[in-house]
Structures are given as structure tokens and as C-alpha cells.
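Coordinates in review
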Amino acid sequence: MIDRLKMMEKRYNEINELLTQPEVLSDVKQLKALSKEQRSLEKVVVLFREQQKLEAALPDLKEMKKSGDAELREMAELEYNESIARIDDITEEIKILLLPKDENDERNVVVEIKGAVGGDEANIFAGDLFRMYQKYSEGRGWKLQVNDATPGAVGGYTNISFTISGENVYSFMKYESGGHRVQRIPVTEANGRIQTSIATVLVSPEANEDDDIELPEKDLRIDTFCSSGPGGQGVNTTYSAVRVTYIPTGDFVACQIARSQHENKATAMRLLKTKLKAKRDAERDAREGAMRQSLQGSGERAEKIRTYNYPQNRVTDHRIGLSLNRLDAVIEGKLDLVIQEIINEDQKRKLANEEPVRL
């Protein structure tokens, strides 16, 4: 591990030198790539340097512990023990940072939530989940933009698609794909009985310009229709909404949020690339026998990843056996109470060479 860390430090120094050269600063693509690589190395290098500094000071502290001065001995003993503890902590932090990275972790995401089992109550719960992700994004300083939405008859959504952009969004949101089950008395239930309903969540890393996904015009069908989303009085009288279908596979996306047909088309094209990338990645993972299961196009899966039990104020993540009586906080956007526990467990399993948490 030490040899690997030294190589990383050497590369980090090389990048810092390159970033001072005029020819690099004038090349936007190279500058972007080097800056990204620099960020990926920085935390490891800073920790490694701190560890080396602490280890270099240990021999002197050992000698000071033998001093005839009782006060000096006591100070050296305290500093020595603190240094050893910090070195151990740094070693564990570095081990985690050196785990294989998901190539998509730094990407933005496209999220689709659907009311599944439970009729109107499932749609209402889909709306609750959307609000939860909205508040979670606000807390993290991320930007959330709705792409398309179909409201439910009595509230919530039968389907809503949105993009979340910011720092390392996929690294946190990737754990949210799957079936989300709610247990509560629905507002539509006259007899006051607890009902179980399900909404599905599909999280896909957003496609970008580096992805080799081609969309030839001959393979696309573009339909326009009157928007039913927000936008003012003119929204229902102009054909500003856009649906783009990829003919070879039948995959399609729609966008109707912007007033401009041009803006909606641009967003729809990006969403279609994201959907096709997700399918391609899932097929690749299946071929390579990857641990993670491939996501279905509808977002539905046989297994439920999480249960939200309102009468008991309990949220349970079934993948890691976590139960918290903090549902009120989680549904208000304090989602890190769950996600951070999943990340910790995932890292623990990977360090032990065990099967990671299912995505």
C-alpha cells in the first residue's frame, strides 16, 4: 500500500506542475481532465503526508518518554499515544479511499418515481418521496429540476422524472433505486385501516459528452403535444411538450416543464441518452457477472429495499437490516440518517471482500 501511495503522491505533484503550464491552462479539455484527477488524488495524498509526518516524529517522542523530567515524560507519552491513534485512523481512512471507485459516482442523476401498488395512495406516497428527495437535495446544496410529471387524481404523482445536479450526487443517490413500501392509514381510507402501498424509484447516472451514445435522426421519432405542467396560461395552448422515442428499442422519454419546445427537446435528448446508458451499463454488468443487479426499465424490482412505517415512526432498510425510529426526520429530508449507514456498511463489506450492498 505504501508503494501505491507514493506513486499517487508523485502523480499528484506532476499534475500540480502541469497545471501551472500555459499550454495546459489554454486547453480546456486537458485542464478539466487534470483538475478532476487532481481532486481524486488530493484527499489521499493529504492523509498520506499527515501519516508520514506523524510517523517521522515517533522516534523523538519515544526518546522523550525516557526523560528524567516527569512533566516532559507525561507530555511525550500523551502525544505519542495520540499520534499512534491518529495513524491508525488515517490508515483506515486511506483503505476506504483506495477501494475501487464507481466510475459514475461524480455524475448527476436522473430519478424517476412511479406510484406502483396501492392505487391513489401509491401515487400520494410517490409525491412524498419526491418531496423527501427535494429537501435532501436542498440540504446538500444540490439543484433539482423536474423534467416531466403526471399528477395523481387525488394527489402525488403517477410518475415524476427529475434531474439532481451537484457534487458526487450519484455516490449518494445510487442506493435509492428499488421498491419503497409505505404502511399507514391513507387519507383515502374511510375505515381508518392501515394499508401497504409501493412506489418505485429508479436512479440513473446522467449521460454526458464523454459517453459514446449516438442518436442518429433516422432512429428517432419526435412528437410534440400540449404541456399539462406548470408554465402559465399559454402552457396548454402551445405544443411545447416533447416526447422522443428511440425506434430500435422503443425506449422513450418526455419533457414538458420548459415553455420552449427547443428547451424541452434538448432536455428530452439528454434524458434519452441517460436511459440508454443505464440499459447499456446494466447489460454490461450482467455480462461481466457484476454483483449489482441490473435495473429494470420500469424501475420495479421483486425486492423492496425500504419500508416506511408511519404508525411506529419507523424506517427500515432491508438490505442492511437497519431500523430507525426517525421516519419523521427522514421523510423531511434527513436521508443521510439512512444513506450514510448504507455507505458505511457497503465499505465495510468491500474491505472484508464480501458481497457489497445491492444497488
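In case you missed it, the structure is sitting above this.
**Re the sheet that holds strand β6 (residues 220-225)**
One open sheet accounts for three strands, arranged β6-β7-β8; its pairing is antiparallel. Looking at which strands have only one partner, the edges of the open sheet turn out to be β6 and β8 (251-255). The average angle at which neighbouring strand axes cross in this sheet is 15°, direction not considered.

**Section: the pattern of salt bridges**
For the structure on display, the rule yields 26 salt bridges. Between Lys174 and Asp105 there is a salt bridge, and its shortest N-O distance comes to 2.9 Å. Of this pair, Lys174 sits in the loop between α6 (169-173) and β4 (178-184) while Asp105 is found in the loop between α4 (70-97) and β1 (109-115), placing the two residues 69 residues apart along the sequence.

**A closer look at the side chain of Ser171**
For Ser171, the position within the fold is in helix α6. Look at Ser171 and you get buried, because its relative accessible area is 15%. One polar contact links the side chain of Ser171 to the main-chain carbonyl oxygen of Asn168, over a distance of 2.6 Å. The contacts of Ser171, once residues within four sequence positions are left out, are Asp105 and Ile343.

**Focus: the pairing of strand β2 (residues 143-151)**
Where β2 meets strand β3 (residues 157-165), eight bridges bridge the pair, whose relative direction is antiparallel. Counterpart to Gln145 in the pairing with β3 is Thr163. Once β2 ends, the chain turns through five residues before running back antiparallel as β3, passing Gly155 with a positive phi of about 130°.

**Here we look at the environment of Val203**
For Val203, the position within the fold is in strand β5 (residues 195-205). On the basis of relative accessible area, Val203 is assigned to the buried category, the value being 1%.

**So, the nonpolar core**
Counting 37 residues, the largest nonpolar core has Val111, Ile113, Leu129, Tyr133, Met173 and Tyr308 as the members making the most contacts within it. When residues of this core are traced back to their parent elements, those giving at least two are β1, α5 (120-140), β3, α6, β5, α8 (327-331) and α9 (336-351). Per element, the largest residue contribution to this core is seven residues, and it comes from α5. In contact with Ile113, other than residues within four places in its own chain, are Ala126, Leu129, Phe130, Tyr133, Thr158, Asn159, Ile160, Phe162, Ala199, Thr200 and Val201. Formed by 20 residues, the second largest nonpolar core is a distinct cluster that contains Leu47, Leu58, Leu61 and Ile94.

Definitions and cut-offs
As a convention, each chain's residues are numbered from 1 in the sequence order in which they are written. Given that the model is predicted, a residue must reach a pLDDT of at least 70 before its local features are reported, and side-chain atom pairs must reach 80 or more before they are shown or counted; all residues, however, enter totals for whole chains, interfaces and linings. Calculation of side-chain values draws on the structure's entire complement of heavy atoms; hydrogens and water are dropped beforehand. At least two DSSP bridges between two strands are needed for those strands to be called paired. Helix and strand definitions here come from DSSP, where helices need a minimum of 4 consecutive H or I residues and strands a minimum of 2 consecutive E residues; each element is numbered from the N-terminal end. Orientation is described by axes fitted as lines to C-alpha atoms, over the contacting stretch for helices, and by angles from 0 to 180 degrees between their N-to-C directions. When a carboxyl oxygen of Asp or Glu is within 4 Å of a side-chain nitrogen of Lys or Arg, the pair counts as a salt bridge. Here the term buried applies to any residue with accessible area under 20% of the maximum for its type, exposed to any over 50%, and partly exposed to those in between, with areas from a 1.4 Å probe on protein chains only. Nitrogen and oxygen atoms within 3.5 Å of one another constitute a polar contact, given that in protein one can donate a hydrogen and the other can accept it, and given that sequence-neighbouring residues count only through two side-chain atoms. Pairs of residues are marked as contacts when any of their non-hydrogen atoms sit within 4.5 Å. To form a nonpolar core, buried Ala, Val, Leu, Ile, Met, Phe, Trp, Tyr and Cys residues must be joined to one another through side-chain atoms within 4.5 Å.

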